[in-house]
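Architecture at a glance
Now for the letters of each chain:
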Amino acid sequence: MSEITTMFWKLPHQVDIKHPDIVEIAKRLRQGEIIAFPTETVYGLGANALDAKAVAKIFVAKGRPSDNPLIVHIATMEQLALLVEEIDENSRKLIEHFWPGPLTIIFKKKEMVSELVTAGLNTVAVRMPNHPIALTIIEAANLPIAAPSANRSGKPSPTTAEHVFNDLNGKIDGIVDGGPTGVGVESTVIDLTGDVPMVLRPGGVTIEELQEVLGEVKLDPAIVGQKEQPRSPGMKYRHYAPTGEMWIVKGDDREIIKKINSLIKEKSLIGKKVGILTTNDHRESFQEADLILAYGTKDNLYPLAEHLYEALRIFDLNGIDYILAEAVEEKGIGLAIMNRLKKAAGEKFIQI
């Protein structure tokens, strides 16, 4: 595609619907332009979900396969009613507890939703983001907004406007800078159209939190490594990948430290720049690595989730050839972290 001029707006976290920039952004979305904006999870690349031509621009800009469905973002329950056939009891419970927030719910769709948004499925994925700028833009546009992450397909998702600019400047119509995001990993996706609620993508709302509200909730077999085709937006293809070769190291803590330090020496001897992704529990254990990035602790993994994609981009910026990521326990937010690490590493593990 030919390069276009990308507008750039920097907005305060709290912004009024009558703010001149919001009025302009909303007008452009109604005219079929595609604009990146912050949510509480990652930056999204938004288009009018009811305009097939606008939605098509998202796939071109991202280089995203057209059989990969998009999540539609809304600001009001009236917008939800435009999109879905029915809001059942389970949906109402989840909406009451988690919206606005990092939870995407899959509903049976109405015909007016573009098939490009749903990849030809009879369902649509919808969420209400918990970010004042996102909500204000959607409310001002008075449209449901289809918005995958605002990055080139396969690259780490963007958690700052700078990440979006580096990936998509000249390919999209505008970028709204609202500062860094908070959650850092994408929303949880739950399918309520089957017999039992099923999490198709772990994210900012944990399966334990969902079970507290709904009772029985299952995990898509594809999440836990069974040979199933993923059914969630953003889960079908390899994602989040840094440029360097990446491995996840899993096992007993002491053995992990020993193995990683051995690999640092081995790779350094052949001229590789080695990066380590870990928690602060083990930050001081890998002195000889070229770059050590540590966030949170094993008892509090939320900072690791918040900075995960940023870390993968930092490795790239520093020319790291070989990345070793320490595995975390797959419960709570750790399930989402490990899901993204597996995607970034192409499912490559070193099991101790």
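Structure: see above.
Here's a quick rundown of the structure. (Residues numbered from 1 in each chain as written. Predicted model: local features only at pLDDT ≥ 70, side-chain atom pairs only at ≥ 80, totals over all residues. Heavy atoms only, no water.)

We now examine the overall build of the protein. On a plain count of helices and strands, the protein comes out with eleven helices and 16 strands. In summary, the protein has a C-alpha radius of gyration of 20 Å against a globular reference of 20 Å for 352 residues, a match within 12%. Dimensions of the protein, computed from C-alpha atoms along their principal axes, come out at roughly 55 × 50 × 35 Å. The buried share among the 352 residues of the protein stands at 57%. Here the contacts in the protein between residues at least 6 apart in sequence split such that 68% fall between residues at least 24 apart. Entry remark: accessible area of the protein is about 14900 Å², with carbon and sulfur atoms responsible for 48%. Each charge class in the protein can be summarised by its mean position, and for the 40 positive and 48 negative side chains these summaries are 5 Å apart. (Helix = DSSP H or I, 4+ residues; strand = E, 2+ residues; numbered from the N terminus. Rg over C-alpha atoms; globule rule 2.2 N^0.38 Å. Buried < 20%, exposed > 50% of the residue type's maximum accessible area, 1.4 Å probe, protein only. Contact = heavy atoms within 4.5 Å. Areas by Shrake-Rupley, 256 points an atom, 1.4 Å probe, with all protein chains shown as cover. Lys, Arg positive; Asp, Glu negative; His and termini not counted. Charge placed at Lys NZ, Arg CZ, Asp CG, Glu CD.)

Bringing the packing of aromatic side chains into the picture now. Counting across every chain of the model gives one aromatic pair. Here Tyr 240 and Tyr 309 contribute two aromatic rings whose centre-to-centre distance is 5.1 Å and whose plane-to-plane angle is 25 degrees, an arrangement assigned as stacked. With Tyr 240 in the loop between strand S11 (218-219) and strand S12 (245-250) and Tyr 309 in helix H10 (residues 302-317), this pair connects stretches of sequence that are 69 residues apart. By relative accessible area, which is 2% here, Tyr 240 ends up buried. The exposure class of Tyr 309 is buried, given its relative accessible area of 0%. Over the face of the ring belonging to Trp 247 we find Lys 348, whose NZ or CZ atom lies 5.6 Å from the ring centre. (Phe/Tyr/Trp six-rings, centres within 6.5 Å; stacked < 30°, edge-to-face > 60°. Lys NZ or Arg CZ within 6 Å of the ring centre and 35° of its normal.)

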